[in-house]
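The lines below spell out each chain.
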Amino acid sequence: MKNNWISKLPSRALALLLPLLLTAFCALAQAPAADQPEMADALRQSGKIYVVVLVVVIIVSGLLLYLVRLDRKVSRLEQELGE
Amino acid sequence: MKWWKYIAIGLLLYTAVMGFLGQVPRLAILNETERNLYFHVPMWFGMTIILGASVYFSIRYLRSPSPRLDVLAHESAKTGVLLGVLGLLTGSLWARYTWGTWWTTDVKLNCAAITMLIYLAYLVLRGSVQDEQQRARLSAIYNVFAFAVAIPLLFIVPRVASASLHPGMGGNPGFSKYDLDSHMRLVFYPAVIGWTLLAVWITEVSCRYAFIKEKMYEKQLDKQVA
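Values in this document were obtained by computation on a predicted structure and should not be read as measured data. Sequence order as written defines residue numbering, which begins from 1 separately in each chain. Think of it this way: whatever chain is written first is A, whatever ligand is written first is 1, and the rest follow in order. This being a predicted model, a pLDDT of at least 70 is required before a residue's local features are given, and a value of 80 or more before pairs of side-chain atoms are given or counted; all residues contribute to the totals for chains, interfaces and linings.

In this section: the overall build of chain A. Helix and strand content of chain A: 3 helices and 0 strands. A run of H or I in DSSP becomes a helix once it reaches four residues, and a run of E becomes a strand once it reaches two; helices and strands are each numbered from the N terminus. Reading chain A from its N end, one meets helices and strands in the order α-α-α. Looking at chain A residue by residue over its 83 residues, the buried ones come to 4%. As a rule, residues whose C-beta atom has 12 or fewer other C-beta atoms within 10 Å are exposed, those with 20 or more are buried, and those in between are partly exposed; C-beta atoms are placed from the backbone.

By the element assignment, B:Val200 lies in helix H7 (residues 182-225). Remark: the alpha-carbon pair of B:Val200 and B:Gly46, spanning 154 residues in sequence, is separated by 8.6 Å.

On to the packing of helix H2 (residues 40-63) of chain B against H7(B). Residues and elements named next belong to chain B. The convention used is that axes are lines fitted to C-alpha atoms, helices contributing only their stretch in contact, and that angles between N-to-C directions extend from 0 to 180 degrees. Following both chains from N to C, one finds H2 and H7 inclined at 45°, their axes separated by 8 Å at the closest point. Considering their axes alone, H2 and H7 lie oblique with respect to each other. The two elements H2 and H7 meet at a crossing, and its hand is right-handed. Between H2 and H7, the contacting residues are Pro42, Met43, Phe45, Gly46, Ile49 and Ile50 on the first element and Ala191, Val192, Trp195, Thr196, Ala199, Val200 and Thr203 on the second. Asp, Glu, Lys and Arg are counted as charged, while Ala, Val, Leu, Ile, Met, Phe, Trp, Tyr, Cys and Pro are counted as nonpolar; the rest, among them Gly, fall into the polar class. Broken down by class, the residue content of the contact of H2 with H7 amounts to 10 nonpolar, 3 polar and no charged. Oblique is the label for every angle not falling under 35 degrees (roughly parallel), over 145 degrees (roughly antiparallel), or within 65 to 115 degrees (roughly perpendicular). Two helices cross in a left-handed way if the nearer one is turned anticlockwise from the farther one by less than a right angle. They cross in a right-handed way if the turn is clockwise. C-beta atoms are placed from the backbone for every residue, and two residues are taken to be in contact when these atoms lie within 7 Å.

This brings us to the nonpolar core. All names here are of chain B. Counting residues in each nonpolar core, the largest one holds 54 residues, and the members touching the most others are Ala8, Leu12, Val17, Leu51, Ala73, Phe188 and Leu198. Per-element accounting of this core gives the leading share, 12 residues, to H7. Aside from chain neighbours lying at most four places away, what touches Leu51 is Ala77, Gly80, Phe147 and Ala150. A set of buried Ala, Val, Leu, Ile, Met, Phe, Trp, Tyr and Cys residues, joined to one another through C-beta atoms within 7 Å, is what we call a nonpolar core.

Counting residues at the interface gives 25 residues for chain B and 26 residues for chain A. Of all the secondary structure elements, the ones that give two or more residues to the side of chain B that touches chain A are helix H1 (3-21) and H7 of chain B. Ranked by residue count, the leading element in the side of chain B that touches chain A is H1(B), at 10 residues. Looking at the side of chain B that touches chain A residue by residue, the classes come out as 17 nonpolar, 4 polar and 4 charged.

This brings us to the confidence of the model for chain A. Mean pLDDT over chain A: 77, with 58% of residues reaching 70 or higher. Per-element mean pLDDT across chain A ranges from 61 in helix H1 (residues 4-28) of chain A up to 93 in helix H3 (residues 49-82) of chain A. The predictor reports its confidence for every residue as pLDDT, a score running from 0 up to 100.

Next comes the structure, spelled out in structure tokens:
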């Protein structure tokens, strides 16, 4: 029961991220025009931007997971004291 | 876990992905750093909201004192200070690479720094009073004062002042009209909600921890008496 949501997490996360990635691909398809302020176009074209995104996603999910576990520990203490 | 915590997780992951992959306008000087908008600005939004919650609990404490309200006000203020410090640090770093300096005597920057000092004084004040009821009452009163000073310092003084480098000054709010386009809004608003929910979540957990600690002290006292 308790670990149910954990087992579902990867599929849920994938379902959440997939439409985002797809829309991002569409946004990236636009070609940069000349004479405009310089942006990190090369980083995007080479696809290395996804490395950055994945690193940030891993860190954010790690911190969130930590907070979730902390939340659960506190809940357990509350239950023990409540009895 | 409560439902809004799932929303916080979803919005933060959305921000982490779309913050880098979303479309942004091509702006000179800012270039790609404008993506900081999704991370730096929500710190200040979150801070203002959580400090607002803190002063709300303080006013409620003054109307009907209870240790619970004191803990809520205190933990909210602590989270607010954390977000404010993160906002100052990220702002300083961003300034270094767009304005060319870590810090400048800009109204917006100095007022934000003063706000943080006022709230640090709140924490110092709490630490310096031994008696619990006195500490709660003093800090509740101080909190009302702090919030009443912080809001004009953050939102009124910089706009009235004539010159500021920071966007959103001189009667021209935020990144709004010229810079923040519809693509950025799609990420910016979820980012603000997500980071704010995260701040509320952290505050909630630390409050519950404080309540548990209180309860355990009481139980130990009961044992000692019996």
